[in-house]
Amino acid sequence: MSNASQLSDAYLLREDAPLDDRNTFGIAARAPCLVEIADTAALPEVLALPQLQDAPVLILGAGSNLLFAGNPEGAVVSFDCRRVIVLHEHDDHAVVRADAGAQWHALVLWTLQQGLSGLENLALIPGTAGAAPIQNIGAYGCEVGEYVHAVEAFDRTSGELRRLDRAACAFAYRDSLFKREPDRYVVTALELSLPRVPALRLDYAGIREELSVMDVATPDARSVAQAVIRIRQRKLPDPAVVGNAGSFFKNPIVPTALAEDLLQQHAGLPMFRGDAVDNRKLSAAWMIEACGWKGFREGDAGVSAQHALVLVNHGSATGVQLLSLARRIAESVRARFGIAIEPEPKVIGARW
Ligand code: EPU
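Residues numbered from 1 in each chain as written. Predicted model: local features only at pLDDT ≥ 70, side-chain atom pairs only at ≥ 80, totals over all residues. Heavy atoms only, no water.

Our next topic: the side chain of asparagine 244. Summarising the element assignment, asparagine 244 is placed in strand β14 (residues 243-247). A polar contact is formed between the side chain of asparagine 244 and the backbone oxygen of valine 242, at a distance of 3.0 Å. At a separation of 2.9 Å, a polar atom in the side chain of asparagine 244 contacts the main-chain amide nitrogen of glycine 246. When sequence neighbours within four positions are dropped, the list of residues in contact with asparagine 244 reads Thr24, Phe25, Pro237, Asp238, Pro239, Val310, Leu311 and Val312. (Helix = DSSP H or I, 4+ residues; strand = E, 2+ residues; numbered from the N terminus. Polar contact = N/O pair within 3.5 Å; in protein donor to acceptor, adjacent residues only side chain to side chain. Contact = heavy atoms within 4.5 Å.)

In structure tokens form, the structure reads like this:
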């Protein structure tokens, strides 16, 4: 049992708090201190609490992109604020503001109901609005960074709340300013600029096929979201059924010349546009599957049989077991393809 103490209306502090239900891998872990914030205005006060001074603070969203390979050393802070509003209305677009604690998928559905588009390809991604810009979530040919109007974040260096526009956020593939400076910024709200007239993105493999199976001849943003939901439900294991954190590895970006050499040696290796004209993104899932890991299981730690990029906890795997499996996978990909793959989730309590 953890000790709960209501120190203020704006936050709740518990000591020695379990985190098992707060990470989608379902790994047993405990926080020396867990603070749930109901009003982001209380953040400076919370960050100044004595319990938060000894070790780095972990800001926890839905726990869908982290692996507890040990207990967090310092306090854990989570946002309970979930307000979503239309901030500005314009003829052709609107700016929507979501508190950090809002659930991402609920936000996507809400924007579609308002007649706004842009987020349809990002439906059903687990996590919170506050976490979305940190790793610049992306799927089916779209990244959240493209629609970010501004990110509101508390700057721990200056002690001020700041609004950073899209350029200042420095978005890249699964990366941003916030990811590069994790101990500096705490994201408190996300503002998205969403068009009223959709510019649908249907080119990612599988979307048009799914729309055709759904008998949709003239897709709109809502039907594209439905298609994405159906593909994700089929291809990715549901964290409510089997513990996982989505893709465990990022797709490596390599120089085009190297990508072409690899394709000569490994026919069929899928590759996509990179983040510059002279590089390509390789499919880590394909390389992991080629190394024989898809569906692998050792004890309760395994690789999904649905998708080779997803590590799964079949029951009571520990974070250490999952991390050790991840290292073996990365080593075999390096040995066979000469390519280093890196984890997408944040690893707590161990170094990669
Ligand atoms: N593939 C395999 N084996 C598999 C799965 C996929 O060989 O088990 C091959 C497929 O043949 C396909 C290619 O890999 O050509 C790409 O597969 P997929 O469309 O599933 O995309 P991905 O590159 O593996 C990325 C994101 C996912 C996102 C999908 C769809 C990363 C790290 N992952 O996966 O994001 O849903 O694209 O856009 O970029 C996540 O970040 O947690 C996540 C699930």
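Once you've had a look at it, read on.
In this structure, Phe249, Ile288, Leu311, Ile329 and Ile341 are the most contacted members of the largest nonpolar core, which totals 45 residues. At 8 residues, helix α9 (residues 319-337) tops the list of elements feeding residues into this core. Two domains each donate at least three residues to this core, and these are domain 1 (3-79) and domain 3 (243-348). Contacts of leucine 311, omitting those with residues within four sequence positions, involve Phe25, Gly243, Asn244, Ala245, Gly246, Phe248, Gly302, Val303, Leu322, Leu325, Ala326 and Ile329. (Core = buried A, V, L, I, M, F, W, Y, C linked by side-chain atoms within 4.5 Å. Buried < 20%, exposed > 50% of the residue type's maximum accessible area, 1.4 Å probe, protein only. Domains from an automatic or database assignment.)

With that settled, consider the domain arrangement of the protein chain. Looking at the assigned domains, one finds that the protein chain contains domain 1 (3-79), domain 2 (84-195) and domain 3 (243-348). For domain 1 versus domain 3, the distance between C-alpha centres works out to 30 Å. Taken together, the contact pairs 14 residues of domain 1 with 18 residues of domain 3. Summing both partners gives a buried area of about 1,200 Å² for domain 1 against domain 3, and 63% of it is carried by carbon and sulfur. For the domain 1 face of the interface with domain 3, the top three residues by lost area are Phe25, Asn65 and Leu67, together amounting to 52%. Remark: the boundary between domain 1 and domain 3 carries 0 salt bridges. (Buried area = accessible area lost by both parts, 1.4 Å probe. Salt bridge = Lys/Arg side-chain N within 4 Å of Asp/Glu carboxyl O.)

Where burial is concerned, the two faces of strand β20 (residues 310-313) agree: the one with Val310 and Val312 and the one with Leu311 and Asn313 are both buried. As judged from the 3 bridges shared by β14 and β20, these two strands associate in the antiparallel manner. Residue pairing in the sheet places serine 247 in a bridge with valine 310 of β20. (Pairing = 2+ DSSP bridges.)

For serine 304, the location among the structural elements is in the loop between β19 (301-303) and β20. Residue classification places serine 304 among the buried positions, given a relative accessible area of 3%. A polar contact of 2.9 Å, which involves the side chain of serine 304, links it to the backbone nitrogen of glutamine 306. Of the polar contacts made by the side chain of serine 304, one reaches the backbone nitrogen of histidine 307; its length is 3.3 Å. Those residues within four positions of serine 304 in sequence are excluded, and the remaining contacts are Pro237, Lys294, Gly295, Val310 and Val312.

Here we come to the sheet that holds β20. With antiparallel pairing, the 4 strands of this open sheet are ordered in space as β14-β20-β19-β18. Edge positions in the open sheet fall to β14 and β18 (297-298), since each of these has one partner strand only. The sheet contacts of α9 involve β18, β19 and β20, and relative to β19 the element is tilted by about 35°. (Axes fitted to C-alpha atoms, helices over the stretch in contact; angles between N-to-C directions.)

Another aspect to go through is the site of the ligand. In the vicinity of the ligand lie 24 residues, with Tyr140, Tyr173, Tyr204, Glu289 and His307 positioned nearest. One of the side-chain N or O atoms of glutamate 289 is found 2.7 Å from a nitrogen atom in the ligand. At 3.1 Å from an oxygen atom of the ligand is found a side-chain nitrogen or oxygen belonging to glutamate 344. Starting from 810 Å² of accessible surface for the ligand in isolation, the protein chains cover 82%. (Near = heavy atom within 4 Å. Areas by Shrake-Rupley, 256 points an atom, 1.4 Å probe, with all protein chains shown as cover.)

Our focus in this paragraph is the pattern of salt bridges. Scanning all chains against the criterion turns up 21 salt bridges. Of the charged contacts in the structure, one is a salt bridge between arginine 162 and aspartate 155, with a shortest N-O distance of 3.4 Å. When salt bridges that share partners are traced, they join Arg97, Glu152, Arg163 and Glu191 into one network.

The subject of this paragraph is the environment of tryptophan 352. Relative to the elements of secondary structure, tryptophan 352 occurs in the segment after β21 (346-348). Separated by 130 residues in the primary sequence, tryptophan 352 and arginine 222 place their C-alpha atoms 39 Å from one another. The contacts of tryptophan 352, once residues within four sequence positions are left out, are Phe249, Leu323, Ala326, Arg327, Ala330, Ile341, Glu342 and Pro343.

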